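# Close look at the chain arrangement
The lines below spell out each chain.
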Amino acid sequence: MNSLSETHENLCRICGLNEHHPIYRVLERMYGLNEEFLYFQCVQCKCLQIENFPEDIWRYYPKGYLSFATDPSLLYSKPIEKWARCARDSYAALGKGVLGKWIEKIYPAPEDLKALSHISLTKQSKILDVGCGAGTLLYLLCEAGFSNVLGVDPYIDRDINYENGLFISRQEIQEVEGSWDLIMFHHSFEHMKDPLKVLQSVSKLLNSGGSCLIRIPLVSSLAWEDYGVHWVQLDAPRHFFLHSLDSLKTLVRKEKFHIEDIVFDSDEFQFWGSEQYKKDISLKSEKSYSVNPAHSIFSQKQIDQFRKKAVQLNLEARGDQAVFYLKKE
Ligand SMILES: [Zn+2]
């Protein structure tokens with residue numbers, strides 16, 4: 001799938017190797033635009049990266065794009081639901097609370113929230129979410145009692161002031177001020193043009209002892225090996241960098257971060273999404289599993305098998321995404 005003979009001379013933006021790297025021709029598939037973008041994979045650090053940044057990248061983030069699509073306040077319209085969510089989410093983020101633990105067993109919390117339980121946080125911790133979209137994760141945290149949180153995203157139309165006090169600012173991390181206990185990127189880091197500059201900002205903004213969490217897709221995965229340019233998390237042209245374990249380690253070392261822990265959290269999406277792309281079914285198509293599961297090409301049994309396969313791959317450190325927990329050296 002991935003053995004191609006075309007190479008171009010490029011400077012790897014991560015490890016700095018100037019070399020002839022293999023080229024991949026990747027189509028925009030989420031919206032089925034089928035526009036082609038060139039990516040190269042560094043022969044040394046294995047980071048897969050877009051060859052040229054599109055000048056009109058804003059065009060590929062239309063209204064309704066993933067995390068901009070939902071109003072999180074709608075999740076709290078019924079009082080009993082609000083109470084249950086708050087107990088569950090408080091437990092999911094902090095790992096404390098008997099009632100929340102019980103609710104979480106029946107109604108699992110979102111993975112991005114559960115990823116926080118690996119860090120020692122309190123409800124007073126200062127948390128910055130970079131590339132937060134409409135701020136759903138922060139909204140959940142606010143409702144669960146976290147009082148010092150801020151979200152930033154340059155792709156939102158305007159600043160958002162929620163009734164519960166949450167503020168989402170239309171800005172880049174370079175414009176943020178203050179000091180933070182946790183700075184987190186949930187599937188946003190791979191969208192940024194200059195990851196080293198972003199890490200420099202993190203370094204400046206992080207409290208001593210503070211943590212940085214980066215949740216990203218990984219090219220050092222079975223999904224990339226098996227599906228190649230049909231791999232759903234390649235997501236051209238929005239994803240500029242698809243890191244390998246090695247390339248992320250190389251990058252963070254440059255800014256004197258070390259990786260404290262890596263948790264693989266890939267799921268069934270890597271399989272059903274990539275299978276759809278192989279058959280030319282876009283993510284937003286009427287036939288897509290995410291849009292219309294009953295009319296998709298998959299049976300429930302297949303989806304269950306994909307889920308089991310993902311759990312196994314995560315154990316083998318071969319799933320197509322992971323959470324990286326960083327600290328300053
Ligand atoms: Zn490289």
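Preceding this paragraph is the structure being described.
Now for a quick tour of the structure.

Rules behind the numbers
- Residues numbered from 1 in each chain as written.
- Predicted model: local features only at pLDDT ≥ 70, side-chain atom pairs only at ≥ 80, totals over all residues.
- Heavy atoms only, no water.
- Disulfide = S-S within 2.5 Å.
- Buried < 20%, exposed > 50% of the residue type's maximum accessible area, 1.4 Å probe, protein only.
- Salt bridge = Lys/Arg side-chain N within 4 Å of Asp/Glu carboxyl O.
- Helix = DSSP H or I, 4+ residues; strand = E, 2+ residues; numbered from the N terminus.
- 1 Å grid on protein atoms, 1.4 Å probe; cavity = no way out; pocket = protein on both sides within 12 Å on 5 of 7 lines; lining within 4 Å.
- Points joined across faces, edges and corners; volume = space filled by probe spheres on them.
- Nonpolar A, V, L, I, M, F, W, Y, C, P; charged D, E, K, R; others polar.
- Donors = N, O, S within 2.8 Å, 3.2 Å for Na, K, Ca; no water.
- Tetrahedral: all angles 85-135°; square planar, octahedral: opposite > 155°, others 65-115°.
- Axes fitted to C-alpha atoms, helices over the stretch in contact; angles between N-to-C directions.
- Parallel < 35°, antiparallel > 145°, perpendicular 65-115°, else oblique.
- Left-handed = near helix turned anticlockwise from the far one by under 90°.
- Contact = heavy atoms within 4.5 Å.
- Expected span 1.5 Å × (residues − 1).
- Arc of directions from axis to C-beta.

Within this structure, the stated rule accounts for zero disulfides. Unpaired in terms of disulfides, C86 finds its nearest cysteine sulfur in C142, a separation of 11 Å. What makes C86 buried here is its relative accessible area of 17%.

Quick look at the pattern of salt bridges now. One pass over the structure, following the stated rule, counts 17 salt bridges. As a salt-bridge pair, E6 and R25 come within 2.8 Å of each other at their nearest N and O atoms. With E6 in the segment before strand 1 (7-11) and R25 in strand 2 (residues 18-27), this pair connects stretches of sequence that are 19 residues apart. We classify E6 as partly exposed; its relative accessible area is 29%. Overall, the relative accessible area of 38% leaves R25 in the partly exposed class.

The subject of this paragraph is empty space enclosed by the protein. Empty space among the atoms becomes apparent when a probe as large as a water molecule is rolled across them. Throughout the structure, instances matching the rule amount to one cavity of 30 Å³ or more. Put simply, the largest cavity is a space of about 30 Å³. Forming the boundary of the largest cavity are V26, L27, R29, V229, W231, L234, D235, A236 and Y277. Split into classes, the residues belonging to the lining of the largest cavity amount to seven nonpolar, no polar and two charged.

Each pair of donors in an ideal octahedron of six around a metal sits at 90 or 180 degrees, and each pair in an ideal tetrahedron of four sits at 109.5 degrees. Looking at the zinc ion, one finds its protein donor set to be C12 (SG), C15 (SG), C42 (SG) and C45 (SG), positioned 2.3 Å from the metal centre. Each of the four donor atoms bound to the zinc ion contributes to angles spanning 104 to 117 degrees, and the resulting shape is tetrahedral. Between consecutive donor residues of the zinc ion, the sequence gaps follow C-x2-C-x26-C-x2-C. Here the residue C12 occupies a position in the loop between strand 1 and strand 2, and C42 occupies one in the loop between strand 3 (36-41) and strand 4 (48-50), the gap between them amounting to 30 residues. Looking at C42, the relative accessible area reads 1%, which means it is buried.

Cis geometry is found at the peptide bond from A236 to P237, where omega equals -5 degrees. Here P237 lies in the loop between helix 6 (222-227) and strand 11 (241-242). Phi at H187 is positive, roughly 55 degrees, even though this residue is not glycine. The backbone of K256 sits at a positive phi, close to 60 degrees, despite the residue not being glycine. Assessed through its relative accessible area of 52%, K256 is described here as exposed.

Attention now moves to the packing of helix 5 (residues 195-205) against helix 7 (residues 245-254). Interaxial distance between helix 5 and helix 7 falls to 9 Å at its minimum, and their mutual angle equals 50 degrees. With respect to their mutual orientation, helix 5 and helix 7 come out oblique. Here helix 5 runs over helix 7; the crossing is right-handed. Residues P195, L196 and L199 of helix 5 touch helix 7, and the partners they reach there are L251, V252 and K254. Each residue belonging to the contact of helix 5 with helix 7 can be placed in one class, and the counts come to five nonpolar, no polar and one charged.

With that out of the way, let us pick up helix 9 (residues 300-315). An α-helical turn contains 3.6 residues, so any two residues separated by three or four positions project in the same direction. For helix 9, with 16 residues, the first-to-last C-alpha span of 23 Å sits near the 22 Å given by 1.5 Å per residue. Turning to helix 9, its buried residues are I303, F306, A310, L313 and N314. Around the axis of helix 9, the buried residues are gathered within 95 degrees of arc, so they sit on the same side. Across from the buried face of helix 9, at angles greater than 90 degrees, the exposed residues are K301, K308 and L315. In this structure, the buried residues of helix 9 make contact with helix 6, strand 12 (257-264) and helix 8 (269-278). Residue A317 follows helix 9 closely and has a positive phi angle near 60 degrees.

By themselves, these figures tell us nothing about what the structure is for.
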